[in-house]
Amino acid sequence: MSFRLNPPKQPAKAVAETPAKKPAFSIGKPKVQKPAQTLTARFEEAKQTQSNLNSLVGKKVEAEPKASGLGNLLANKPVPHEEQVAAKEVATIKLAEISEKYVLNADATEKLPQTVLDDFTAKMQHLIFAMDTQELQTALHSVLNFAQENPHLRDILRAEDIQLVVRAARKSYGLTVVAKTKGKTRTTKKAALDADIMADLADVSFTI
Amino acid sequence: MNPLQALMAQPRLSPFPEFDKLDVSHSSRGSLSSCPRKLEFRKMYESSRRDETQATGSGKAMHEAFQSWIVHKDVDRGLWELVSRYPIQYQKSSMDANSLEGCIGTYLHCIESDLFSEWEIAHVVKPDGEKVPAVEVSFNLRMQVDFFGTGRMIWINYIGFIDLIMYNRIEDRYAVWDIKTTTKEGDFVTQYAFDEQCLPYGLVLQKLLGLDYARGYEVGYWITKLHAVEPYEKLLTFTKDGDDVIQWLRGYLLDIHMLQTYHRLGFFPRHGGNCSSWNRRCQFFDLCDSRDYNYLETMISMENVELAGSDRPEPWVIIDLEVGE
């Protein structure tokens, strides 16, 4: 048996697209040929470098913030630094802002009855209150369930809502890890206790 | 004339209508193998019933998250994809391996994989000239078949989606990757060594990247085990070549022939041993007692809902197959 691929009637454009090749194994910065220096000059340069390093001792060096992309999740744009900073302020977001914003986005809310918006707002508020409590998972699952039942809610979510949900999801994961690990620790402790008892028993001897 | 030939020689028995095209993809072949009646309900009556479970839903959500991260390299963006697509309605406990929390732990673990120090997403150019990352590459391998034996040719479409086409920047080579999520340990080598899902992907690689599939192409299964605390991931790779593609095509044609026979006879056999799977009843169990075409057609058309628009893209890699001697 044989088969062949028919050539398309209108041949597609050149399709192979190889990602830009990276230089093979270039670790660190490329070497730059420096003009020949005298021994004294090199010593002075080394001293200066060392002095710069010493000045950093004891100081906390702030790393560049890592792009999170949340500010432009839906727009598919790179995240400007200002938006990342704004996203960090979600923790202190005021409840009044949360409650109001769902009625501001009038175009998107046409598809959603006001009762749905009110319920969703209440659930988001509950999520904020529950953020640092054991209620978090229940509150998060309630929000996600509600969002699945009302898929149009996705259209009115803003970056800070998404940030809130993502943050809650991370915390919820953390709670599960703690719960699972706690169970393990108990088991380990019990095993260690058993081992101690057995070790004690091993020393027991009887004389008749 | 043997009894089967006698049966086939009878005038057309089938109550099923003739159609202009038939989609028979990898999952259809799975249904045909497990119970042909399931395929009858889907293809002959076009039932819109779908069977989503926590396992299938969490797998889809993980696919979305990984694909997002591999393209954008943005942890939170991928996490949002996971959280927003996870089928939370099925979750019983956050302690389950495939719970939302288990999936988050797995996602955060897997994106730290060493694999990504050498593998990156390949880019391909669509027929309209748009350059896109090779994620969820949708293709249609199609052929014309005289399905009804009347001389009228119809299109048989094999529609598939390649999870990822990856590029190894150190060794300068490409591979197709299929993302697998699991909650169980297993002998994955045995499970995937002869897996047929990825075999036709070689044809797509040839079309998109000019690689000669007959000389060999690499298929990777990126296996991720879901667990909040102890997730793991590993990549299993197999090399396939032209012989594998030919074997796949033979098997596919045999399945088409089987479907032709069932359609002609108006009878799709039931595999009674598979009415329950993973402790769940088949979604067509309540209808399966009947063989009355009119009754089933009425019942299914009454309950059919318009399927929510699939967020999967239309196939844009079209490959016409011509099968000969």
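Just so you know, these numbers come straight off a predicted model, no measurement behind them. (Residues numbered from 1 in each chain as written. Chains lettered and ligands numbered in written order. Predicted model: local features only at pLDDT ≥ 70, side-chain atom pairs only at ≥ 80, totals over all residues. Heavy atoms only, no water.)

Draft legend 1. Spatial organisation of the nonpolar core. Residues Val137, Phe147, Ile156, Ile165 and Leu208 of chain B are the most contacted members of the largest nonpolar core, which totals 65 residues. No other element matches helix α9 (residues 242–265) of chain B, which puts 7 residues into this core. Excluding residues that lie within four positions of it along the chain, Val137 of chain B makes contacts with Gly160, Phe161, Ile162, Ile165, Val204, Leu208, Trp316 and Val317 of chain B. Among the nonpolar cores identified, the runner-up in size contains 56 residues, and Leu153 of chain A together with Leu82, Trp177 and Trp222 of chain B belong to it. (Core = buried A, V, L, I, M, F, W, Y, C linked by side-chain atoms within 4.5 Å. Buried < 20%, exposed > 50% of the residue type's maximum accessible area, 1.4 Å probe, protein only. Helix = DSSP H or I, 4+ residues; strand = E, 2+ residues; numbered from the N terminus. Contact = heavy atoms within 4.5 Å.)

Draft legend 2. Molecular detail of the confidence of the model for chain A. Residues and elements named next belong to chain A. Across chain A, pLDDT averages 65, with 36% of residues at or above 70. Looking over chain A, one finds the lowest element-wise mean pLDDT in helix α2 (residues 81–88), namely 42, and the highest in helix α6 (residues 136–149), namely 93. Note that residues 20–34 has pLDDT below 50 and, in this model, 6 contacts with residues that lie over four places away or in other chains. (pLDDT = per-residue confidence, 0-100.)

Draft legend 3. The pattern of salt bridges, seen in detail. Throughout the structure, instances matching the rule amount to 19 salt bridges over all chains. Here Asp76 of chain B ties to Arg170 of chain A by a salt bridge, and the two come within 3.0 Å at their closest N and O atoms. On the criterion of chain membership, the pair formed by Asp76 of chain B in helix α5 (residues 75–85) and Arg170 of chain A in helix α8 (residues 159–202) is interchain, its members lying in two chains. Judged by its relative accessible area of 15%, Asp76 of chain B falls in the buried class. (Salt bridge = Lys/Arg side-chain N within 4 Å of Asp/Glu carboxyl O.)

Draft legend 4. Representation of the confidence of the model for chain B within the structure. Residues at a pLDDT of 70 or more form 96% of chain B, whose mean pLDDT is 91. In the predicted assembly, ipTM is 0.85 and pTM is 0.75.

Draft legend 5. Expanded view of helix α2 (residues 26–34) of chain B. All names here are of chain B. Those residues of α2 not exposed but buried are Ser28, Arg29, Ser31 and Leu32. All buried residues of α2 fall inside an arc of 160° around its axis, so they share one side. Away from the buried face of α2 by more than 90 degrees, exposed residues Ser27 and Ser33 are located. In this structure, the buried side of α2 is in contact with β1 (21–23), α3 (36–44), β6 (154–168) and α9. (Arc of directions from axis to C-beta.)

Draft legend 6. The arrangement of α3 of chain B in detail. Where burial is concerned, most of α3 of chain B is hidden: 7 out of the 9 residues are buried. By the burial criterion, the buried members of α3 of chain B are Pro36, Arg37, Lys38, Leu39, Glu40, Phe41 and Met44 of chain B.

Draft legend 7. Just the state of the cysteines, in detail. For the structure on display, the rule yields 0 disulfides over all chains. There is no disulfide at Cys110 of chain B, and the cysteine sulfur nearest it, in Cys103 of chain B, is 10 Å away. (Disulfide = S-S within 2.5 Å.)

Draft legend 8. View of the side chain of Glu40 of chain B. Residue and element names in this part refer to chain B. Following the sequence through the fold, Glu40 ends up in helix α3. Relative accessible area serves as the criterion here: at 3%, Glu40 is assigned to the buried category. Apart from residues no more than four positions distant in its own chain, Glu40 is found in contact with Phe16, Tyr45, Phe268 and Arg291.

Draft legend 9. Region of interest: the packing of α2 of chain B against α3 of chain B. All names here are of chain B. Running from N to C, α2 and α3 cross one another at 135°; their axes reach a closest spacing of 5 Å. With respect to each other, α2 and α3 are oriented oblique. Only Pro36, Lys38, Leu39, Arg42 and Lys43 of α3 make contact with α2, whose side of the interface consists of Ser28, Ser31, Leu32 and Ser34. Per-class residue counts for the contact of α2 with α3 are 3 nonpolar, 3 polar and 3 charged. (Axes fitted to C-alpha atoms, helices over the stretch in contact; angles between N-to-C directions. Parallel < 35°, antiparallel > 145°, perpendicular 65-115°, else oblique. Nonpolar A, V, L, I, M, F, W, Y, C, P; charged D, E, K, R; others polar.)

Draft legend 10. Up close: the pairing of strand β7 (residues 173–182) of chain B. All names here are of chain B. Of all 10 residues in β7, 8 are buried, a share of seventy percent or more. Two elements, β6 and β7, share 5 bridges in a ladder whose sense is antiparallel. Each bridged residue has a counterpart across the sheet, and for Met166 the counterpart in β7 is Ala175. Taking the residues between adjacent antiparallel strands as the criterion, β6 and β7 are bridged by 4 residues, where Asp172 takes a positive phi near 55°. Taken together, the 7 bridges between β7 and strand β8 (residues 217–225) define a ladder with parallel strand orientation. Counted as the bridge partner of Val176 is Val219 from β8. (Pairing = 2+ DSSP bridges.)

Draft legend 11. Molecular detail of the packing of helix α5 (residues 114–130) of chain A against α6 of chain A. Residue and element names in this part refer to chain A. With their axes 8 Å apart at the nearest point, α5 and α6 run at an angle of 155° to one another. Relative to α6, the element α5 is oriented roughly antiparallel. For the pair α5 and α6, the sense of crossing is left-handed. Residue-level inspection shows Val116, Asp119, Phe120, Lys123, Met124, His126, Leu127 and Ala130 of α5 in contact with α6, the latter providing Leu136, Ala139, Leu140, Ser142, Val143 and Phe146. Along the lines of polarity and charge, the residues of the contact of α5 with α6 split into 10 nonpolar, 2 polar and 2 charged. (Left-handed = near helix turned anticlockwise from the far one by under 90°.)

Draft legend 12. Structural detail: the pairing of β8 of chain B. Residue and element names in this part refer to chain B. With respect to burial, β8 is a largely interior element, 9 of its 9 residues being buried. Covered by surrounding structure in β8 are Tyr217, Val219, Tyr221, Ile223 and Lys225 together with Glu218, Gly220, Trp222 and Thr224, the residues of both alternating faces. Here β8 pairs with strand β9 (residues 232–240) via 9 bridges, running antiparallel. Bridge pairing in β9 links Glu218 to Thr239. The loop that links β8 with its antiparallel partner β9 comprises 6 residues.

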